[in-house]
Amino acid sequence: MEIQEACVEACIAEAKASLAAGGVPVGSVLAKYDEIIARGHNRRVQDNAPVLHGEMDAINKAGRRSDYPALTLYTSLSPCMMCAGAIVQFKIPRVVILDATNFGGNEDFLRARGVAVHIIANAQMTAIMGDFIRDQPRLWNEDIAE
């Protein structure tokens with residue numbers, strides 16, 4: 001699978017937008033080949049919406065579609081179980097993860113359900129998320145329901 005650099009950059013931009021708005025720095029992009037279909041970021045804090053993680057926001061913005069099985073989801077952080085479930089539910093076949101260091105564990109769940117998981121270990125995103133977890137432990141623990 002070819003990683004689309006424009007999708008990676010858009011994913012990072014979405015994470016930074018969430019952080020700038022006082023939220024959790026997680027961004028996500030849904031793409032069909034090199035075309036970005038939808039972009040989203042974690043909006044839990046901004047919208048007081050507990051299920052609006054970055055992946056869920058992008059899927060929501062993509063809307064009702066019949067071509068989810070042709071899309072790739074880029075996410076700045078390894079998906080939580082809720083988001084991993086949505087990926088499986090909508091039959092998204094490929095996920096590109098920029099940071100699996102600060103949070104992970106659902107990659108095997110995805111792979112066991114036929115999702116191709118690509119971890120690219122983006123140093124910028126790993127640093128941004130690590131700083132957020134250190135500086136905002138209450139928000140981070142709330143985000144992962146701990």
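Provided above is the structure to which this section pertains.
Overview of the structure.

Basis of the calculations
Residues numbered from 1 in each chain as written. Predicted model: local features only at pLDDT ≥ 70, side-chain atom pairs only at ≥ 80, totals over all residues. Heavy atoms only, no water. Helix = DSSP H or I, 4+ residues; strand = E, 2+ residues; numbered from the N terminus. Contact = heavy atoms within 4.5 Å. Polar contact = N/O pair within 3.5 Å; in protein donor to acceptor, adjacent residues only side chain to side chain. Pairing = 2+ DSSP bridges. Axes fitted to C-alpha atoms, helices over the stretch in contact; angles between N-to-C directions. Buried < 20%, exposed > 50% of the residue type's maximum accessible area, 1.4 Å probe, protein only.

1. A closer look at the environment of Arg65
Item 1. Residue position: Arg65 is located in the loop between α3 (54-62) and β3 (72-75).
Item 2. Setting aside residues up to four positions removed in sequence, Arg65 forms contacts with Ile37 and Leu71.
Item 3. At 2.7 Å, the side chain of Arg65 and the side chain of Asp67 are in polar contact.

2. Quick look at the sheet that holds strand β2 (residues 35-41)
Item 1. An order of β2-β1-β3-β4-β5 is seen for the 5 strands of this open sheet, with the pairing classed as mixed. Two strands lie at the open edges of the sheet, namely β2 and β5 (116-119), each paired on one side alone. Sheet twist, expressed as the average angle between the axes of neighbouring strands with direction ignored, equals 20°.
Item 2. The strands touched by helix α1 (residues 5-20) are β1 (27-32), β2 and β3; relative to β2, the strand with the most contacts, the crossing angle is about 20°.
Item 3. Contacts from α3 reach β1, β2 and β3 within the one sheet, and its direction differs from that of β2 by about 130°.

3. Examining α3
Item 1. Turning to α3, its buried residues number three or more, namely Gly54, Glu55, Asp57, Ala58, Ile59 and Ala62.
Item 2. Residues of α3 that are buried make contact with β1, β2, β3 and α4 (81-89).
Item 3. One or two residues past the end of α3 sits Gly63, with phi positive at roughly 75°.

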